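Descriptive structure summary
Now for the letters of each chain:
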Amino acid sequence: MALLHILFGSQTGNAQNLAHQISQELDQSGIESLVMDMGEVDPESIHHFKNILIVTSTYGDGEAPDNASDWMSYLKFADELNLSHLNYSVLGLGDTYYPFFCQCGKDFDHYLSKHGGHSLVPRIDCDLYYEEQYGPWLNELIKVLKDRSRE
Ligand SMILES: Cc1cc2nc3c(=O)[nH]c(=O)nc-3n(C[C@H](O)[C@H](O)[C@H](O)COP(=O)(O)O)c2cc1C
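What you see is a predicted model, and the numbers here were worked out from it, not measured in a lab. Sequence order sets the numbering: in each chain, residues are counted from 1 along the sequence as written. Selection of residues for local features in this predicted model requires a pLDDT of at least 70, selection of side-chain atom pairs for listing and counting requires 80 or more, and totals for whole chains, interfaces and linings are taken over all residues.

1. Regarding the site of the ligand
As a rule, any residue with its backbone-derived C-beta atom within 6 Å of a molecule or strand is reported as near that molecule or strand. Near the ligand, the surroundings consist of 22 residues, among which S10, N14, A15, S57 and G94 are the closest. Every helix listed is a DSSP run of H or I at least four residues long, and every strand listed is a run of E at least two residues long, numbered separately from the N terminus. Element by element, the count of residues in the shell around the ligand is highest for helix α1 (residues 14–28), at 3 residues. All residues other than Ala, Val, Leu, Ile, Met, Phe, Trp, Tyr, Cys, Pro, Asp, Glu, Lys and Arg, Gly among them, are scored as polar; the first ten of these are nonpolar and the last four charged. Here the residues of the shell around the ligand are counted per class, giving 8 nonpolar, 12 polar and 2 charged.

Dropping the structure here:
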């Protein structure tokens, strides 16, 4: 099984591309990952995942992109959901021009935590020019995943 499942929510491809870029960078560090389109994965699969990274943009007025909306509804309304088996992180992609900056990523983070998921590394909210903050965040993720693979 892949060490990290990278699930992307994307309307026009930016978050999708970034998800693949992250996967390649992890690969170069010897970390196995699998990129998946949230629109093609049943949200109930979350019970089978151990480590996930959600890479998602935000659309409308702070809403999920279309392919991530089923996941958002599932996490929002599944009251009895227990995700204490799950380690996760979230990369939100957005634009500070909009009042609900990276809201979809923030909401995923909130619901995953609310249902008992454990944060691998804190969420990052990425504006249009995010390279400066993204590098250190990815390095931290790599470090944490490497430590876990040794456990
Ligand atoms: C119609 C529209 C609505 C948007 N709404 C938001 C928003 O509410 N919050 C935000 O942070 N970014 C918002 N964005 C910016 C996108 O999240 C950003 O362009 C992102 O890079 C798109 O990634 P994607 O191609 O993976 O969907 C919006 C963009 C468009 C075109």
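After presenting the structure, the write-up continues.
2. Side note on unusual backbone geometry
The phi dihedral of C102 falls on the positive side, at around 50°, and the residue is not glycine. Secondary-structure assignment places C102 in the loop between β4 (87–93) and α3 (103–114). The class for C102 is buried, based on 25 C-beta atoms found within 10 Å. Note on burial: count the other C-beta atoms lying within 10 Å of the residue's C-beta; 20 or more is buried, 12 or fewer is exposed, in between is partly exposed, and C-beta positions come from the backbone.

3. So, the pairing of strand β2 (residues 33–37)
As paired elements, strand β1 (residues 4–9) and β2 share 5 bridges and run parallel to each other. Pairing of H5 across the sheet is with L34, part of β2. Note on pairing: DSSP must find at least two bridges between two strands before they are called paired.

4. Here we look at helix α2 (residues 69–77)
Looking only at α2, the buried set comprises W71, M72 and L75. Taken down its axis, α2 places every buried residue within 100° of arc, on the same side. Of the exposed residues in α2, the ones pointing more than 90 degrees away from its buried face are S73 and F77. Throughout, a residue-residue contact means that the two C-beta atoms, derived from backbone geometry, are no farther apart than 7 Å. Where the residues of α2 are buried, they touch α3. The directions from the helix axis to the C-beta atoms form the arc being described.

Nothing here speaks to function; it is all geometry.
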